[in-house]
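Results of the structural survey
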Amino acid sequence: MKVNKWIGAHLIAAIMLLISVISYGQGQQGVSLDKIIARVDNHYILNSELEDMYNQYKAEGRQAPEKCQLLESLIINKMLLAKAEIDSVTVEDKDVDGELNAKMNYMIQRFGSEKNIVEAYGKSVENLKGELRQQVKEQKIVEKMQRTISGNVKITPAEVRKFFNSIPKDSLPYIPSEVEVGHIVKKGTVTREQKEKLRQQLLDLKARAEKGEDFAMLAQVYSEDLGSAKVGGDLGFAKRGAMVPEFEGAALALKPGEMSGIVESQFGFHLIKLLETRGAEYHARHILLRPDYNKGTDMTSATRALDSLRTLIKSDTLKFAKAALDNSDDKETAESGGLIQDRSTGQSKLTLDASMDPALYFAIDTMKVGDLSMPVSYRLEDGSSAMRILWYKSKSEPHTANLHDDYEKMAQIVLSNKRNNALEEWFKKAQGDVYISIEPEYRNCKVLGLAANADDL
């Protein structure tokens, strides 16, 4: 069917619904046999995609939306992808790889090991990563299209006041308690014994390569850089400044065909083989071994560093925000002065309820506003063991929404509405560029505000 009417009120919600479950994977049990259920230009929607989204809610114990709503979110996603192709909107591979590696590290942390991931999904890590890579790439293109369409939308204080005043007084929402909490994180130090073990393993691999074994084959078998291992550790051509300094310095000191000594970086321990140089670029392979942060980590230095920072902050010699910016190993929060943010809103105010991270919830339950905790154990998203100190910055009491205390929330609603309108206008203009067809079994769905007429795919 040709789409000639769009309902903007649900567009962003539908897109975010899709993004929130995109990493669910496609290896779950109970998925029905695959078939095409809808098409948007040259993009196809499979039954398995719809089932995966639905099953994700069930797996998390949440009430799943109607499948028609999930189908609509998939169609919106494909619509944005189709228009991105028409408008030549792309994303860089390094950005995709960075987010993919973060997702894989999160999965390893969640499942405990790569072996457990293989057992849960019924496929190799390499195959799973290949599937996730396309999903991550599509997700980033969708996000970029959203920014392209509505990124320049602005709001004014007058618009926020007008929106708030339009809400009937007896319909104002009840705002639960919210808190602001900051933390400073210090990673544990890998023990000397584990470092020596990893160095020796790489020296043994280097000796095998020097005796004639293929470096690429060794990388495929032993390297823990999941992205490059499957292509023999090949990192492709890199411009100067693209790699961490330790890696780049060692690689550029080699002649083509030479192997490096053992190089330590923030990612682990590398054995590097330079293949060739081309102007300001160089082409190398590597074998990476990572420390096991669960087994070989010394927390002594991290605890001491945090104790020292805590003393300086409590004596008002050093501000918490400055200490976090200069010292925290959680770079995401360090940039915001150590304040932990709600990822769904991007705000530092966290709802004090069951949705909060349990470890954080129980930690601040024993603290008062203004308190600075002693160093406590923490686990970063990449699986690294660490210590952290917590600062209980503020707490609001439950209340009926008002413009003084809840201006940011009202502003976010107004901004979201304007972005919805921008998306709706964009879809109206773009409707003639994209063809959508849906299988007969979903003829009763009202996708994008229209009953879905069944077209043959």
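Residues numbered from 1 in each chain as written. Predicted model: local features only at pLDDT ≥ 70, side-chain atom pairs only at ≥ 80, totals over all residues. Heavy atoms only, no water.

**A short note on the packing of aromatic side chains**
- Inspection of the entire model under this criterion finds 2 aromatic pairs.
- With a centroid separation of 4.9 Å and 40° between ring planes, the pair formed by phenylalanine 320 and tryptophan 391 is classed as tilted. Of this pair, phenylalanine 320 sits in helix α13 (residues 320-327) while tryptophan 391 sits in strand β13 (residues 385-396), placing them 71 residues apart in sequence.
- For phenylalanine 320, a relative accessible area of 5% gives the class buried.
- For tryptophan 391, a relative accessible area of 23% corresponds to the partly exposed category.
- Aromatic pair tyrosine 361 and phenylalanine 362: ring centres 5.5 Å apart, planes at 90°, arrangement edge-to-face.
- Residue classification places tyrosine 361 among the partly exposed positions, given a relative accessible area of 30%. (Phe/Tyr/Trp six-rings, centres within 6.5 Å; stacked < 30°, edge-to-face > 60°. Helix = DSSP H or I, 4+ residues; strand = E, 2+ residues; numbered from the N terminus. Buried < 20%, exposed > 50% of the residue type's maximum accessible area, 1.4 Å probe, protein only.)

**What to know about helix α8 (residues 192-210)**
- Relative to the 27 Å expected for 19 residues at 1.5 Å per residue, α8 spans 27 Å between its end C-alpha atoms, a close match to the ideal helical length.
- Among all positions in α8, only Gln194, Leu198, Leu202, Leu205, Lys206 and Ala209 are buried. Along the axis of α8, the buried residues cluster in a sector spanning 115°; they form a single face. Summarising the geometry of α8, the exposed residues directed more than 90 degrees from the buried face are Arg192, Glu193, Lys197 and Glu210.
- Looking at the packing, one finds that the buried side of α8 touches β5 (189-190), α9 (215-222), β7 (259-265), β8 (268-278) and β9 (281-289).
- Count one or two residues on from α8 and you reach glycine 212, which has phi positive near 120°. (Expected span 1.5 Å × (residues − 1). Arc of directions from axis to C-beta. Contact = heavy atoms within 4.5 Å.)

**Considering the nonpolar core**
- Within the largest apolar cluster, 44 residues are counted, with the highest numbers of intra-cluster contacts made by Leu71, Leu80, Met145 and Trp426.
- At the level of elements, β1 (36-40), α2 (47-59), α3 (67-86), α4 (93-111), α5 (114-121), α6 (125-150), α16 (407-430) and β15 (436-438) are the ones that each hand at least two residues to this core.
- Top element by residues in this core is α3. It accounts for 10 residues.
- Among residues more than four places away in sequence, those in contact with methionine 145 are Leu80, Lys83, Ala84, Asp87, Val89 and Trp426.
- Listed in part, the 13 residues of the second largest apolar core include Leu198, Phe215, Ala219 and Phe269. (Core = buried A, V, L, I, M, F, W, Y, C linked by side-chain atoms within 4.5 Å.)

**Looking at the sheet that holds β1**
- In spatial order, the strands read β2-β1-β15; together these 3 strands make up an open sheet with antiparallel pairing. Strands at the two margins of the open sheet, each flanked by one partner only, are β2 (43-46) and β15. Taken over all neighbouring pairs, the strand axes of this sheet differ in orientation by 20° on average, direction set aside.
- Two strands pair when backbone bridges link them, and β1 and β2 are joined in this way by 4 bridges, in the antiparallel orientation. (Pairing = 2+ DSSP bridges. Axes fitted to C-alpha atoms, helices over the stretch in contact; angles between N-to-C directions.)

**Considering the confidence of the model for the chain**
- Of the residues in the chain, 86% reach a pLDDT of 70 or more, and the chain-wide mean stands at 83.
- Taken as a whole, residues 1-32 scores under 50 in pLDDT and shows 94 contacts with residues more than four places along the chain or in a different chain.
- Overall, residues 451-457 carries pLDDT values under 50, and its contacts beyond four positions in sequence, including any with other chains, amount to 25 contacts. (pLDDT = per-residue confidence, 0-100.)

**Observations regarding the packing of α6 against α16**
- Their axes nearest at 9 Å, the elements α6 and α16 cross at an angle of 95°. Considering the angle they form, α6 stands roughly perpendicular to α16. On the side of α6, the interface is formed by Met145, Ile149 and Ser150, while α16 contributes Arg419, Ala422, Leu423 and Trp426.
- Across the contact of α6 with α16, the residue classes break down as 5 nonpolar, 1 polar and 1 charged. (Parallel < 35°, antiparallel > 145°, perpendicular 65-115°, else oblique. Nonpolar A, V, L, I, M, F, W, Y, C, P; charged D, E, K, R; others polar.)

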